[in-house]
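# Coordinate analysis (summary)
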Amino acid sequence: QVQLVESGGGMVQNGGSLRLSCTASGRIVGVLAMAWYRQAPGNEREFVAGIYPNGNTKYGDFVKGRFTISKDITMTKEYLQMNSLNPEDTAVYYCNFKFAGQREVWGQGTQVTVSA
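First, a word on scope: everything that follows refers to the structure included in this document.

Rules used in this analysis
- Residues numbered from 1 in each chain as written.
- Predicted model: local features only at pLDDT ≥ 70, side-chain atom pairs only at ≥ 80, totals over all residues.
- Heavy atoms only, no water.
- Helix = DSSP H or I, 4+ residues; strand = E, 2+ residues; numbered from the N terminus.
- Core = buried A, V, L, I, M, F, W, Y, C linked by side-chain atoms within 4.5 Å.
- Buried < 20%, exposed > 50% of the residue type's maximum accessible area, 1.4 Å probe, protein only.
- Contact = heavy atoms within 4.5 Å.
- Pairing = 2+ DSSP bridges.
- Axes fitted to C-alpha atoms, helices over the stretch in contact; angles between N-to-C directions.
- Phe/Tyr/Trp six-rings, centres within 6.5 Å; stacked < 30°, edge-to-face > 60°.
- Lys NZ or Arg CZ within 6 Å of the ring centre and 35° of its normal.

One non-glycine residue, K64, lies in positive phi territory at about 50°. Tracing the sequence through the fold places K64 in the loop between strand 6 (57–59) and strand 7 (67–71). The phi dihedral of S84 is positive, around 50°, even though this residue is not glycine. Along the chain, the position of S84 falls in the loop between strand 8 (77–82) and strand 9 (91–99).

In structure tokens, the structure reads:
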């Protein structure tokens, strides 16, 4: 069983930065992509950023160059550097790993709160 644990969330002021981390444990084989999603109260979960084994990345339209996703070479850790945060970024952020056979694993989430 693969387990994902996020860390790095917290409260920051408008314009501040945070770095989220996600660590995977268990049998990590055949990772197709690693991603971050977020969900604000009353909203659906939305895609934030994704990274592939070859290093290619993809971002949600709202990111606008403020966030950077990265991973370690072992494909067991991923990171999300978030700069220029604003109150609209307040949400629970989830780590996500995608595997072959349309299987995916989610972390428990970490709260990010940006005060005005």
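What follows deals with the nonpolar core. Across soluble globular proteins, nonpolar side chains show a tendency to be buried alongside one another. Counting residues in each nonpolar core, the largest one holds 29 residues, and the members touching the most others are W36, L80, M82, Y93 and F97. Residue assignment for this core shows that the elements contributing at least two residues are strand 3 (18–25), strand 4 (31–39), strand 5 (46–51), strand 7, strand 8, strand 9 and strand 11 (110–115). Ignoring sequence-local partners within four residues, the contact set of Y93 consists of E6, L20, W36, Y37, R38, V48, F67, L80, M82, G109, T110 and V112.

So, about the sheet that holds strand 8. Strand order in the open sheet made by the four strands is 1-3-8-7, with antiparallel pairing throughout. The open sheet is flanked by strand 1 (3–7) and strand 7, the only strands paired with a single partner. In this sheet, neighbouring strand axes are inclined to one another by 15° on average, regardless of whether the strands run parallel or antiparallel.

With that settled, consider the packing of aromatic side chains. Given two aromatic rings, their pairing is described by the distance between the two centres and the angle made by the two planes. Applying the stated criterion across every chain yields a total of four aromatic pairs. Residues Y37 and F47 carry aromatic rings whose centres are separated by 5.6 Å and whose planes lie at 75° to one another, so their mutual orientation is edge-to-face. A residue pair is termed long-range when its members are at least 10 positions apart, and Y37 in strand 4 and F47 in strand 5 qualify at ten residues. By relative accessible area, which is 15% here, Y37 ends up buried. Of the residues examined, F47 reaches a relative accessible area of 26% and is grouped as partly exposed. Geometrically, the ring pair formed by F97 and F99 is tilted, given 6.4 Å between the ring centres and 40° between the ring planes. For F99, a relative accessible area of 3% translates into the label buried. Aromatic rings pair up to connect Y37, F47, Y94 and W106 into one cluster. Across from the ring centre of Y94, 3.8 Å away, lies the NZ or CZ of R45, which sits over that ring.

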